[in-house]
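Survey of secondary and tertiary structure
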Amino acid sequence: MHKKIVVFIFLVAAVLTAVSLVCSGTVRNKKPDLFKQVQLFSDALVLVQTDYVDETNPKDIIYGAISGMISSLDTHSQFLDPDTYNELKVETEGKFGGLGIELTIKDGLLTIVTPIEDTPAWKAGIKPQDKIVKINDEITRDMNLTDAVKKLRGNPGEAVKISVLRESEKKILDFNIVRGIIKIKDIKDAKIIDNGIGYIRVVEFRENTARDFKSALDKLSKEGMNALILDLRNNPGGLLDVAVDVADNFLEKGKMIVYTKGRKPSQNLEFTSQNANALKDLPIVVIINEGSASGSEIVAAAFQDNKRAIILGTKSFGKGSVQTVIPLGENCALRLTTSRYFTPSGKQIHGEGVIPDIIVENGRKVDVQEPGVEGVKAEEIFEKIEKKEGVKKDPAGEYKDDTQLMRAIDILKALKIYEKKQL
């Protein structure tokens with residue numbers, strides 16, 4: 001035990017020495033009490049090691065201290081221990097285990113940004129803006145994102161019970177959701193749906209999204225696309241540079257897409273369109289809703305400010321900060337908010353969201369079975385019959401219950417009629 005204490009004190013001393021060297025430069029001038037506060041921190045660590053009733057693991061205490069420090073900054077910054085860091089790497093690749101929800105903390109509550117389509121959470125009926133108040137009967141008050149994700153993820157086939165506050169219905173709802181393997185397909189749909197009107201639904205902005213999106217555009221162009229509906233509903237964002245690349249397909253070269261501001265000059269970045277072959281004359285309607293966040297808000301705002309597309313739907317989520325993953329030793333990392341992004345006209349999205357040009361409520365109606373109820377949906381029966389008998393379905397008919405999408409189709413049809421009248 002004494003040997004452990006000596007080693008631990010030596011470690012703290014080494015940290016203090018490093019901090020004192022940093023403080024000897026410009027940091028000392030800006031933060032004269034930094035060394036004093038670090039000394040207070042080290043004293044507390046030593047007392048825990050020597051006087052706490054149970055023997056403690058120094059690594060657990062250090063991890064807990066760093067986690068607390070980072071989580072005190074904002075709701076999006078977090079310390080990634082080895083397990084969480086590895087999960088993040090797997091998630092970025094587009095395949096992981098869990099329920100299929102994008103989480104944040106809003107107003108001190110675990111808030112669902114969006115359920116990912118065709119995942120267990122989506123099928124159970126989870127909605128954007130639902131507040132998770134219990135996980136397996138444990139109250140989530142003061143629970144950080146890292147701990148929440150660990151409790152929600154687990155072995156496929158195992159059930160998780162969550163209780164959510166749905167403010168729109170003024171109810172607390174209980175869901176028993178069976179975990180599954182979550183496979184994210186970034187481009188959900190890419191097809192011609194009505195008289196040359198193309199439709200592309202982007203679920204999230206990940207490593208391969210820009211490449212897949214360009215392939216979808218080329219495919220639709222060959223099929224005679226003369227207008228496009230870009231569906232970003234329930235798209236929680238993802239990688240900033242990928243969202244920029246998607247927008248770059250449609251903006252005239254040199255147009256501002258987004259810019260970021262941070263404390264350091266290196267964090268002040270401007271992203272402008274670079275594509276000399278952009279589809280700058282293609283009529284576009286972009287659909288967003290309360291589940292559209294981060295990268296999807298960048299795309300929508302860039303189109304809106306550059307007067308490149310009509311934005312339709314409901315106000316977006318309002319997440320406008322940039323998180324940078326900074327690797328540390330021992331396979332750990334910090335996910336740190338390093339800047340905020342601004343639209344081309346200088347508006348800050350964070351906490352505000354993007355307000356559509358045309359407000360249309362009540363989007364896609366999702367046919368959801370009640371939890372615990374099994375059965376075959378009528379639509380599935382008709383699809384099997386049509387497939388067997390070779391019946392061709394009207395592409396636009398698939399979306400007749402989607403009021404937002406039908407309005408988007410009507411707008412693009414009206415634009416075509418107007419253009420013909422001008423000739």
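Refer to the structure printed above.
What comes next is a walk through the structure. Within any chain, residue numbers begin from 1 and follow the written order of that chain's sequence. Only residues with pLDDT of at least 70 are given local features in this predicted model, and only at 80 or more are side-chain atom pairs given and counted; all residues enter the totals for whole chains, interfaces and linings. In computing side-chain properties, one takes all heavy atoms of the structure into account and sets aside hydrogens as well as water.

1. Considering the packing of aromatic side chains
- Ring pairs are drawn from Phe, Tyr and Trp, using the six-membered ring of Trp, whenever the two centres fall within 6.5 Å, and their geometry is named by plane angle: stacked under 30 degrees, edge-to-face over 60, tilted for the rest. This structure, assessed with the given rule, holds four aromatic pairs.
- Centre to centre, the rings of Tyr63 and Phe79 are 5.3 Å apart; their planes meet at 65°, and the pair counts as edge-to-face. With a gap of 16 residues between them, Tyr63 in helix α4 (residues 58-71) and Phe79 in strand β1 (residues 78-80) connect regions that are remote in the sequence. For the pair Tyr63 and Phe79, a shared accessibility class is recorded, and that class is buried.
- With a centroid separation of 5.8 Å and an interplanar angle of 90°, the aromatic rings of Phe250 and Phe303 are classed as edge-to-face. Here Phe250 is found in the loop between α9 (240-247) and β13 (256-262), whereas its partner Phe303 is found in helix α10 (residues 295-305), with 53 residues between them in sequence. The exposure classification of Phe250 matches that of Phe303, with both residues buried. The helix count covers DSSP runs of H or I at least four residues long, the strand count covers runs of E at least two residues long, and both are numbered beginning at the N terminus. Relative accessibility thresholds used throughout: buried, under 20% of the residue-type maximum; exposed, over 50%; partly exposed, between the two (1.4 Å probe, protein chains only).

2. Here we look at the sheet that holds strand β19 (residues 358-359)
- Each pair of strands is called paired provided DSSP finds at least two bridges between the two strands. Read across the open sheet, the six strands follow the order β10-β11-β12-β15-β16-β19; overall the sheet is mixed. Of all the strands in the sheet, just β10 (187-194) and β19 have a single pairing partner and so form its edges.
- Looking at chain direction, β10 and strand β11 (residues 197-202) are connected through six bridges and run antiparallel. In the sheet register, Ile187 faces β11, and the bridge partner there is Val202.
- We call two residues in contact when some of their heavy atoms are within 4.5 Å. Under this scheme, a helix contributes an axis fitted over its contacting stretch, all axes are lines through C-alpha atoms, and angles between N-to-C directions fall in the 0 to 180 degree range. Here helix α8 (residues 209-222) sits on the sheet in contact with β10, β11 and β12 (227-231), set at roughly 15° to β10.

3. Some details on unusual backbone geometry
- Of note, the phi angle at Asp107 is positive, near 55°, even though the residue is not glycine.
- Mapped onto the elements, Asp107 comes out in the loop between β3 (101-106) and β4 (109-115).
- For Asn136, which is not glycine, the phi dihedral falls at a positive 50°.
- Here Asn136 lies in the loop between β5 (131-135) and β6 (138-139).
- Judged by its relative accessible area of 42%, Asn136 is partly exposed.

4. Re the pairing of strand β14 (residues 269-272)
- Strand direction decides the pairing type here: β13 and β14, joined by four bridges, are antiparallel. Each residue of the ladder has a partner; that of Met256, found in β14, is Thr272.
- Between β13 and the antiparallel strand that follows it, β14, lie six residues.

5. Observations concerning α9
- Buried residues of α9: Val242, Ala243, Val244, Val246 and Ala247, and no others.
- Looking at the buried positions of α9, the neighbouring elements they touch are α8, β13, β14 and α10.

6. Comments concerning the nonpolar core
- Membership of the largest hydrophobic core comes to 38 residues, with the highest contact counts inside it found for Ile200, Phe213, Val286 and Phe303.
- Of all the elements in the fold, those that place two or more residues in this core are β11, α8, β12, α9, β13, β15 (284-288) and α10.
- Ranked by residues supplied to this core, first place goes to α10 with six residues.
- With residues up to four places along the chain from it excluded, the contact list for Phe213 reads Ile187, Ile200, Val202, Leu230, Val246, Asn249 and Phe250.
- What is meant by a nonpolar core is a set of buried Ala, Val, Leu, Ile, Met, Phe, Trp, Tyr and Cys residues, joined one to another through side-chain atoms within 4.5 Å. Counting 20 residues, the second largest nonpolar core, distinct from the first, contains Ile105, Ile135, Ala148 and Leu152.

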